[in-house]
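Structure at a glance
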Amino acid sequence: MPRMLNQLPARWVEVDLDAIIHNLKQVRSLLAPGVSLMAVVKADAYGHGAVEVARTVLSNGADRLAVTTLDEAIELREAGITAPILVFSPLLKEENEIAIDHDLAVTVGSAENVDDLAEAAEQRRKPVAVHLKVETGMGRTGAFPAEAIELGRRISSRPGLKLEGVYTHFAVATLKNKSYTEEQFRKLMQVINELEKQGVQIPLRHACNSAATLDLPHMHLNLVRVGTLLYGQYPSLYVQRKISLKDSWQLKARIVHLKEVPAGTSIGYGRTYRTTRPARIAVLPIGYVDGYTLDPILRPDSFIDLLKFLAKDVLHYLGFANRHLSAEVNGRRVPVVGKVAMQLCMLEFGLNEPVRVGDVVRLMARRTTISPRLPKLYVKDGRPYKLKYWRGEEYLLSSKTEAVDGLET
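In this report, we go over the structure that sits alongside the text. (Residues numbered from 1 in each chain as written. Predicted model: local features only at pLDDT ≥ 70, side-chain atom pairs only at ≥ 80, totals over all residues. Heavy atoms only, no water.)

Let's talk about the side chain of K133
Inspection of the secondary structure puts K133 in strand β7 (residues 128–133). Within polar-contact distance, the side chain of K133 engages the side chain of T141 at 3.1 Å. Residues within four places of K133 in sequence aside, it is in contact with T107, V108, G109, T141, G142, A143, Y167 and H169. (Helix = DSSP H or I, 4+ residues; strand = E, 2+ residues; numbered from the N terminus. Polar contact = N/O pair within 3.5 Å; in protein donor to acceptor, adjacent residues only side chain to side chain. Contact = heavy atoms within 4.5 Å.)

Written out as structure tokens, the structure is:
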């Protein structure tokens, strides 16, 4: 039973469930009657907390869920979620019985996958739902079209397997040029049409991710898989802005220490930053171990991108690494200064700026790189109502909870 909490922690991820519901309804408005919506809650629901998000979307119009790994699916089942769940990643042979015991839909993309899964289903004496993945140009998992047709027949012939769906994964649907995506879709439809011609029943046919759901409605088939849009972000700069989205995720912390320093004071490891004026330095209890400032390593797509990457590295070398980092405090932006440490970082204020220990700070960060160990504060019906720790503890928030007025929800 959740206990009542009267004070917020020093750092947390704030998740607006109202925004997720809004975004879900916006996506629903794009779909024709008869098109199902699979909510993608992989990677802890993109950093939002998979269990809470799954419950929210299922009670507001999502038909089924999808995750990447077996352990992600098991977490949902152990939380009492009974809706259909598709696991995207191929399973190891020893994982098949676990998936069957948890009533999961399993992706297959090879004859070995099919045979191992059929054997496990026969041993458990329990049928398993199967989604056949067709490799049409992503270059990862799945069977090439010719092989996929044979696998579809093979799945249908095994008594323990139920062919529930056939799908593919688009590689570049986020780009402006959709020709490659159209070719991928053509290959998928060739497989589906041939299987149906041979009498193989395919209840679910799906190809669209968030980008294709927006831009390519003729590819909706009877199921779309949506992740990014649910969480308030467009997949790229090139997709159509045909629905309104609300941001559902924010990283926040409270100032735990504040001091005045003279001009010329060095801040943080390496003394890479020195104040140019008398200032107030605020300390936040969050750092790179929490995923703050971590970015994926990307390959430049163009010469201009390469120049940008190199310029950023030069700035890091010269000690200006954090000049692009800022935080929001009481509605205004302030710079993050000095090197971000393992568990602490610093902000710089002017001497006369109104700031206190305990003030709430909003930090810019990537959702999927932030540690799932950070507490999650859930907003529902317009106000914060639950704080959930990664260890499983849950606390309801009192109407008198300290700093609620500073959450800016």
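Overview of the environment of F185
The residue F185 is located in helix α8 (residues 179–197) in this model. Sequence-wise, F185 and G137 are 48 residues apart; in three dimensions their C-alpha atoms are separated by 9.8 Å.

Some thoughts on helix α1 (residues 17–28)
For α1, which comprises 12 residues, the first-to-last C-alpha distance of 16 Å matches the rise-based estimate of 16 Å (1.5 Å per residue) to within 8%. Taken together, the buried positions of α1 are L17, A19, I20, I21, H22, N23, L24 and V27. Measuring from the backbone nitrogen of D18 back to the side-chain oxygen at the start of α1 gives 3.0 Å, which picks out D16 as the cap. (Expected span 1.5 Å × (residues − 1). Buried < 20%, exposed > 50% of the residue type's maximum accessible area, 1.4 Å probe, protein only.)

Thoughts on the packing of aromatic side chains
Scanning the model with the defined rule gives 3 aromatic pairs in all. Ring centres of F88 and Y167 lie 6.2 Å apart, and the angle between their planes is 45 degrees; this geometry places the pair in the tilted category. With F88 in the loop between β5 (85–87) and α5 (96–101) and Y167 in strand β8 (residues 161–167), this pair connects stretches of sequence that are 79 residues apart. The same class applies to F88 and to Y167, which are both buried. Just above the ring of Y385 sits the side chain of K380; from NZ or CZ to the centre is 5.6 Å. (Phe/Tyr/Trp six-rings, centres within 6.5 Å; stacked < 30°, edge-to-face > 60°. Lys NZ or Arg CZ within 6 Å of the ring centre and 35° of its normal.)

Structural notes on the packing of helix α6 (residues 111–124) against helix α7 (residues 145–157)
Interhelical geometry of α6 versus α7 gives an angle of 10 degrees and a closest axis separation of 10 Å. Classified by the interaxial angle, the pair formed by α6 and α7 is roughly parallel. Residues A111, V114 and D115 of α6 lie in contact with α7, whose contacting residues are E147, L151, R154 and I155. For the contact of α6 with α7, the per-class residue count stands at 4 nonpolar, no polar and 3 charged. (Axes fitted to C-alpha atoms, helices over the stretch in contact; angles between N-to-C directions. Parallel < 35°, antiparallel > 145°, perpendicular 65-115°, else oblique. Nonpolar A, V, L, I, M, F, W, Y, C, P; charged D, E, K, R; others polar.)

Thoughts on the pattern of salt bridges
Evaluated as defined, the whole model comprises 24 salt bridges. The salt bridge involving E52 is made with K386; its shortest N-O contact spans 2.9 Å. Within this pair, whereas E52 is found in helix α3 (residues 50–58), its partner K386 is found in strand β21 (residues 383–388), the two being separated by 334 residues in sequence. The buried category is assigned to E52, whose relative accessible area is 4%. When its relative accessible area of 10% is taken as the criterion, K386 is described as buried. Measuring nitrogen to oxygen at the nearest pair gives 3.1 Å for the salt bridge that ties E353 to R332. Taken together, the positions of E353 in the loop between β18 (345–350) and β19 (360–363) and R332 in strand β17 (residues 332–337) put the pair 21 residues apart, joining distant regions of the chain. For R332, a relative accessible area of 22% corresponds to the partly exposed category. (Salt bridge = Lys/Arg side-chain N within 4 Å of Asp/Glu carboxyl O.)

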